[in-house]
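# Summary of structural features
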Amino acid sequence: MSLFQGVDHVGVGVGDVDEAIAFYGRHVGFDRVLFDVTAELPAVEAFAGRAPRARVAMLESSGATPIGPGRVKLVQVLDGDGPAPVPAGQAWGEVGVCEICLHVRGVAEVHASLVAAGCADLMPPMTAEVPPTGISLDIAYVADPWGTKLEMIEWTGLWRSLPGPARAEGVNHVAFGVTDMGRSRAFYERLGFTALLFESFDFFDPMAPWFEEPWYDPARLPTQHMTMPMPAQGAAIEPVVLDPPGHDCRGEWGHLGPMDFGIRTSNIDAAAAELRADGVEVYGPPQAIDLGGGREWRSVAFVEPDGNYISLVEARY
Ligand SMILES: [Fe+2]
């Protein structure tokens, strides 16, 4: 089995972890808090330019199935001036993490419940099929209170969830901008993201309202090349290339909104050694956070082709 086990979590910056635990637990189905620690984080020093002091809470959905296996990592930067804002002018697909996608059962119902809970309605529910597989899906978007774009998908043509009421069921994939699709595909294939669920080249028209002046000319929107390589385990990735490219929206590590993600591994030392042997720069050694009771969370950041903020994660919860 591969050492790499798909996307473990997406990191999102929030203004208040207590409020975010309540919001994600009550409205987005992330009802389990795997840990909630306040610490200095030398593991992300390469991204943040310092070892930031932050409160970090890892949330899991008890409704998660193999199609929504990813977790949400809430991050509240506590030092300096606190969390930076969502990068200015971020529409979707610029370099940087740009969304979390939740697998949900009942997109229309979950979308309505999130809008009723106060989320901004970014895209009403609709049905689509993705090329070249023709796999069908229901899709909608809202924003969380801190600016994270939450996509909701029910992959109706791929997998039906377990029986139950309409609900969000964990992270299905993370979207992020890259600049060279071939280079990124090769890089992530090495990390186990091998099965191509879809590839499309056209602009997804329902996103047009997100591409605002002065960052974009609404009359001349970029093309979007999207792919979704799936791993055998863990959540998937959705790298996207805008043409012409958007500006860099990675922002300061820990900014509000989606900003980093982790790849799960069964053995972080062996996985880091494999990456180094492939010429990938790893900002080692792993940082271990003692969660008490024999539980431990280890992570180490590494360099991906566009400098998106990613880490390897090995956890013993
Ligand atoms: Fe997506």
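The coordinates are above.
Here's what I pulled together on the structure shown here. Being a predicted model, the structure only gives us computed values, none of them experimental. (Residues numbered from 1 in each chain as written. Predicted model: local features only at pLDDT ≥ 70, side-chain atom pairs only at ≥ 80, totals over all residues. Heavy atoms only, no water.)

## Observations concerning the nonpolar core
Cut-off, in case you're wondering: Here, nonpolar core refers to any group of buried Ala, Val, Leu, Ile, Met, Phe, Trp, Tyr and Cys residues whose side-chain atoms link them within 4.5 Å. Partly exposed describes any residue whose relative accessible area lies between the buried limit of under 20% and the exposed limit of over 50%, with all areas from a 1.4 Å probe on protein chains only and scaled to the type maximum. Contacts are assigned to residue pairs with any non-hydrogen atoms lying within 4.5 Å of each other.
Tyr24, Leu74, Leu102, Tyr188, Phe261, Phe302 and Leu312 are the most contacted members of the largest nonpolar core, which totals 55 residues. Dropping the residues within four chain positions of it, Leu102 is found in contact with Val28, Phe30, Leu150, Glu151, Met152, Ile153, Ala168, Gly170, Val171 and Asn172.

## Some points on the sheet that holds strand β4 (residues 71-77)
Condition: We call two strands paired when DSSP finds no fewer than two bridges between them. To qualify as a helix, a DSSP run of H or I must reach at least 4 residues; to qualify as a strand, a run of E must reach at least 2; elements of each kind are numbered from the N terminus. For every element, the axis is a line fit to its C-alpha atoms; helices are fit only across the contacting stretch, and the angle between N-to-C directions ranges from 0 to 180 degrees.
One open sheet holds the eight strands; their spatial order is β2-β3-β4-β1-β13-β16-β15-β14, and the pairing between them is mixed. Strands with a single pairing partner mark the edges of an open sheet, and in this sheet they are β2 (32-40) and β14 (287-292). The sheet shows a mean angle of 25° between the axes of neighbouring strands, direction not considered. Here β14 pairs with strand β15 (residues 295-303) via five bridges, running antiparallel. Each bridged residue has a counterpart across the sheet, and for Ile289 the counterpart in β15 is Trp297. The strands touched by helix α1 (residues 17-27) within the sheet are β1 (4-13), β2, β3 (53-60) and β4, with β3 carrying the most contacts at an inclination of about 10°.

## Focus on the coordination of the iron ion
We count it as follows: The donor set covers N, O and S atoms within 2.8 Å of the metal, switching to 3.2 Å for Na, K and Ca, and it leaves out water, so a site may look short of donors.
Here the iron ion is held by Glu99 (OE), Glu151 (OE), His173 (NE2) and Glu238 (OE), and the distances to it run 2.0 to 2.2 Å. On the primary sequence, the residues serving as donors to the iron ion are separated as E-x51-E-x21-H-x64-E. Separated by 22 residues along the polypeptide, Glu151 in strand β8 (residues 149-154) and His173 in strand β9 (residues 167-177) bring together distant segments of the chain. Assessed through its relative accessible area of 3%, Glu151 is described here as buried.

## Some details on the pattern of salt bridges
Filter applied, for reference: Just to be clear on terms, a salt bridge is a Lys or Arg side-chain nitrogen sitting within 4 Å of an Asp or Glu carboxyl oxygen.
Going through the model one piece at a time under the given rule, you end up with 16 salt bridges. As a salt-bridge pair, Glu60 and Arg32 come within 3.3 Å of each other at their nearest N and O atoms. Remark: Arg32 occurs in strand β2 and Glu60 occurs in strand β3; sequence separation between them is 28 residues. The shortest N-O distance in the salt bridge between Arg298 and Glu314 comes to 3.7 Å.

## Here's the deal with helix α4 (residues 181-190)
Quick note on the threshold: Working definition: the arc comes from the directions between the helix axis and the C-beta atoms, pointing outward to the latter. N or O atoms closer than or at 3.5 Å make up a polar contact, with two conditions inside protein: a donor-capable atom paired with an acceptor-capable one, and, for residues adjacent in sequence, both atoms drawn from side chains.
Considered for burial, the residues of α4 that qualify are Met181, Ser184, Arg185, Phe187 and Tyr188. Considered in projection along α4, the buried side chains sweep an arc of 165° and stay on one side of the axis. If you check the start of α4, you find a side-chain oxygen 3.2 Å away from the backbone N of Gly182, and it comes from Asp180. At the exit of α4 stands Gly192, carrying a positive phi of roughly 100°.

## Brief notes about helix α5 (residues 268-277)
Among the residues making up α5, those that are buried are Ile268, Ala271, Ala272 and Leu275. For α5, the angular spread of the buried residues around the axis is 100°, confining them to a single face. Taken together, the buried residues of α5 touch β1, β13 (257-265), β15 and β16 (309-316). Measuring from the backbone nitrogen of Asp269 back to the side-chain oxygen at the start of α5 gives 3.2 Å, which picks out Asn267 as the cap. At the exit of α5 stands Gly279, carrying a positive phi of roughly 85°.

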